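Here is what each chain is made of, one letter per residue.
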Amino acid sequence: MSDVLVAGGGVAGLSVAWRAAQRGIAVTVVDDAPGTGASYAAAGMLAPVAEAAYGEEPLVALSRASLALYPAFVAELEQLSGEHLGLRTAGTLLVGFDEDDARALERTSAFHLELGLDAARLTPRACRAQEPSLTPRLRAGVRISGDHSVEPRALHAALLAAAAAAGVDLVRGRIGGLVVEGGRACGLRLTDGRELRAEQTVLALGAWSGRLPGVPAGAVPVRPVKGQILRLRGEALLAGTVRALVRGRSVYLVPYDQDRLVVGATVEELGFDGRVTAGAVLDLLRDATEVVPGVSELELVETLARWRPGTPDNGPLLGPSSLPGLVLATGHYRNGVLLAPLTGQVVAQVLAGEPVSGPASAFAGDRFSTSTAREVHA
Ligand code: GLY
């Protein structure tokens, strides 16, 4: 029997499993197809500043703390796995296409400056000096030197290898439910009839986390937020990430090594609708091409739809839930890849019985549970 079961072998679940195993905890990860969920579609932006939104200052602090862990996290994983994670530190450029977009960008950068974040306004000419593939029609730009990117599929492969090397067991099976006995989570039931038991169970099922049979109603307030995203191949057009406002719509372009470019993403409250729609592909490609005309020459190699795990405050759920024995590593919404190092560190700490301090303490796993729900399971 393992000390800890981790439900979900995406970037979050594996980061937790790996860090917990490094502490000597016996960990089993359960997933029927690891790395095919949100981790597979993620663009890999490490963008605490560009993703910063009004009222989300605690999330910005959390994201910045995780970004600070990234260089060492990547170096350790690359060394352990032999994978190249494609960490890009060329920064991020925010650009506004028309006058209204430029005004919106000005408001965003005023907010960045208010928070003391590193964001410098650039003229359109200076934007093009940095990224010559940009259209000359831009109206405004902001350079965010500290926002980077990584290749999420390579990150996932490296985490799988590192977790295995640290002694994590991987059970490939479909999870049917949480086993709850005497008001306590005791493990996982698989759809093939197997039952796996552990002292602590970590829920890292992304957008599905709140729907696992056995999870008490309301204990894991995670909803699916659909994102459609494209992968293209061809001439390398950009050195770093470009995020644009084009006639009020957001689009981002993230370059990878081997001449790949990711263009994303829609944000849709449509439940688990997995369709890639013609309209979304049209919007993304039109907006991306307006900003970087060379995109029209690239080969469209993948169109994907997946679901971000959204929470009521857009922040993750990290640590004990209201159900004893159930620990959460979910709800990362738009920041799953960025928050992976911190999630691994913090949840492994929790599993080892250590207190959580710093920015993660604002994102406790049970912060949305009512006191009644807590009492019921106490
Ligand atoms: N972090 C990018 C997205 O969620 O689309």
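Right above here is the structure, for reference.
Bear in mind that the values here come from a model prediction, so they are computed numbers and not experimental data.

A. Molecular detail of the overall build of the protein chain. Helices and strands together make up the secondary structure of the protein chain, namely nine helices and 18 strands. Over its C-alpha trace the protein chain gives a radius of gyration of 21 Å, about what one expects of a compact globule, namely 21 Å for 378 residues. Considering only C-alpha atoms, the protein chain reaches an extent of 65 × 40 × 40 Å along its principal axes. Out of the 378 residues in the protein chain, the part that is buried amounts to 55%. In the protein chain, the share of contacts with a sequence separation of at least 24, taken over all contacts with a separation of at least 6, comes to 74%. Accessible surface, the protein chain as shown: approximately 14,900 Å² in total, 51% of it carbon and sulfur. Averaging the coordinates of the 35 positive side-chain charges in the protein chain and doing the same for the 40 negative ones gives two points 3 Å apart.

B. Inspection of the environment of Arg 88 at higher detail. Looking at the element boundaries, Arg 88 is found in the loop between helix H3 (57–81) and strand E4 (92–96). The buried category is assigned to Arg 88, whose relative accessible area is 18%. Separated by 152 residues in sequence, Arg 88 and Gly 240 have C-alpha atoms that sit 6.9 Å apart. If we ignore the near neighbours within four places in the chain, the residues touching Arg 88 are His 148, Ser 149, Leu 238, Ala 239, Pro 255, Tyr 256 and Asp 257. Within the structure, Arg 88 has its side chain in polar contact with the backbone oxygen of Ala 239 (distance 3.0 Å). A distance of 2.9 Å separates the side chain of Arg 88 from the side chain of Asp 257, its partner in a polar contact.

C. Highlighting the site of the ligand. The ligand sits among Met 45, Glu 51, Tyr 252, Ala 265, Arg 308 and Arg 334. Between an oxygen atom of the ligand and a side-chain N or O atom of Tyr 252, the distance comes to 2.6 Å. Within the backbone of Arg 334, a nitrogen or oxygen atom sits 2.7 Å from a nitrogen atom of the ligand. In the complex, 88% of the free accessible area of the ligand, which totals 200 Å², lies under the protein chains. For the shell around the ligand, the class distribution of residues is three nonpolar, no polar and three charged.

D. Geometry of the pattern of salt bridges. Evaluated as defined, the whole model comprises 23 salt bridges. Of the charged contacts in the structure, one is a salt bridge between Asp 273 and Lys 226, with a shortest N-O distance of 3.1 Å. Taken together, the residues span a long stretch of sequence, with Asp 273 in the loop between strand E15 (260–264) and helix H7 (278–291) and Lys 226 in strand E12 (residues 223–233) at a distance of 47 residues. Per residue, the accessibility class of Asp 273 equals that of Lys 226, and both read buried. As a salt-bridge pair, Arg 233 and Glu 299 come within 3.1 Å of each other at their nearest N and O atoms. With Arg 233 in strand E12 and Glu 299 in strand E16 (residues 299–310), this residue pair connects regions lying 66 residues apart in the sequence. On the accessibility criterion, Arg 233 (34% relative accessible area) is partly exposed. Take Glu 299: its relative accessible area is 41%, and that puts it in the partly exposed class. Several salt bridges share partner residues, and in doing so they unite Glu 181, Arg 189, Glu 195 and Arg 197 into one network.

E. Structural view of empty space enclosed by the protein. According to the stated counting rule, one finds one cavity of 30 Å³ or more in the structure shown. By volume, the largest cavity is sized at about 50 Å³. If you go around the largest cavity, the residues you meet are Pro 48, Glu 51, Ala 52, Ala 53, Glu 56, Leu 59, Val 60, Ser 63 and Asn 335. Split into classes, the residues belonging to the lining of the largest cavity amount to five nonpolar, two polar and two charged.

F. Here's a closer look at the sheet that holds E15. With respect to topology, eight strands assemble into an open sheet ordered E5-E6-E4-E13-E14-E15-E12-E16, the strand pairing being mixed. Pairing within the sheet leaves two strands with one partner each, and these edge strands are strand E5 (120–122) and E16. For this sheet, the mean inter-axis angle between neighbouring strands, taken without regard to orientation, is 20°. As defined by bridge partners, E4 adjoins strand E6 (residues 140–144) across five bridges and the pair is classed as antiparallel. Opposite Val 95, over in E6, you have Gly 141 as the bridge partner.

G. Summary view of the layout of surface pockets. Of the volumes computed, that of the second largest pocket is approximately 730 Å³. Lining the second largest pocket are 34 residues, with Ala 50, Arg 243, Leu 245, Ser 250 and Arg 334 sitting closest to its centre. Put simply, the parts of the chain that give the lining of the second largest pocket at least two residues each are E4, helix H4 (99–114), strand E13 (241–246), strand E14 (249–256) and H7. The element that contributes the greatest number of residues to the lining of the second largest pocket is H4, accounting for six residues. Here the residues of the lining of the second largest pocket are counted per class, giving 19 nonpolar, seven polar and eight charged.

H. Region of the structure containing H7. A rise of 1.5 Å per residue sets the reference length of H7, with its 14 residues, at 20 Å; its end C-alpha atoms lie 20 Å apart and thus fit the reference within 8%. Within H7, burial applies to Ala 280, Val 281, Leu 284, Asp 287, Ala 288, Glu 290 and Val 291. Tucked inside the fold, the buried residues of H7 contact E4, E12, E13, E14, E15 and E16.

Parameters and conventions
Once a new chain begins, its residue numbering starts again from 1 and follows that chain's sequence as written. Local features in a predicted model are, by the rule used here, given only for residues with pLDDT of at least 70; side-chain atom pairs are given and counted only at 80 or more, and totals for whole chains, interfaces and linings are based on all residues. The side-chain quantities take in all heavy atoms of the structure and omit both hydrogens and water. Helical segments are the DSSP runs of H or I of at least four residues, strand segments are the runs of E of at least two, and each set is numbered from the N terminus. As defined in this context, the radius of gyration uses C-alpha atoms, and a globule is described by 2.2 Å times the residue total to the power 0.38. Buried means the residue's accessible area, taken with a 1.4 Å probe over protein chains only, is under 20% of the maximum for its type, while exposed means over 50%, and partly exposed covers the values in between. Contacts are assigned to residue pairs with any non-hydrogen atoms lying within 4.5 Å of each other. Per-residue and other accessible areas follow the Shrake-Rupley method at a 1.4 Å probe size, with only the shown protein chains counted as cover for residues. Under the counting rule used here, the positive set is Lys and Arg, the negative set is Asp and Glu, and His together with the chain ends is not counted. Lys charges are placed at NZ, Arg charges at CZ, Asp charges at CG and Glu charges at CD. For the purposes of these results, a polar contact is taken to be a pair of N or O atoms within 3.5 Å, where, inside protein, one atom must be able to donate a hydrogen and its partner to accept one; residues adjacent in sequence count only when each atom of the pair is a side-chain atom. When at least one non-hydrogen atom of a residue lies within 4 Å of a molecule or strand, that residue is treated as near it. For this classification, Asp, Glu, Lys and Arg are treated as charged, while Ala, Val, Leu, Ile, Met, Phe, Trp, Tyr, Cys and Pro are nonpolar and the rest, including Gly, are polar. Salt bridges are counted wherever a side-chain nitrogen of Lys or Arg sits within 4 Å of a carboxyl oxygen of Asp or Glu. A 1.4 Å probe that fits into a set of points on a 1 Å grid over the protein atoms alone but cannot get out defines a cavity; an open set with protein on both sides within 12 Å along at least five of seven lines defines a pocket, and lining residues are those with an atom within 4 Å of a point. Grid points are joined across faces, edges and corners, and a volume is the space filled by probe spheres set on the points. The criterion for strand pairing is that DSSP finds at least two bridges linking the strands in question. Geometry is summarised by axes, namely lines fitted to C-alpha atoms with helices restricted to the contacting stretch, and by angles between N-to-C directions that run from 0 to 180 degrees. To estimate how far a helix should extend, the number of its residues minus one is multiplied by 1.5 Å.

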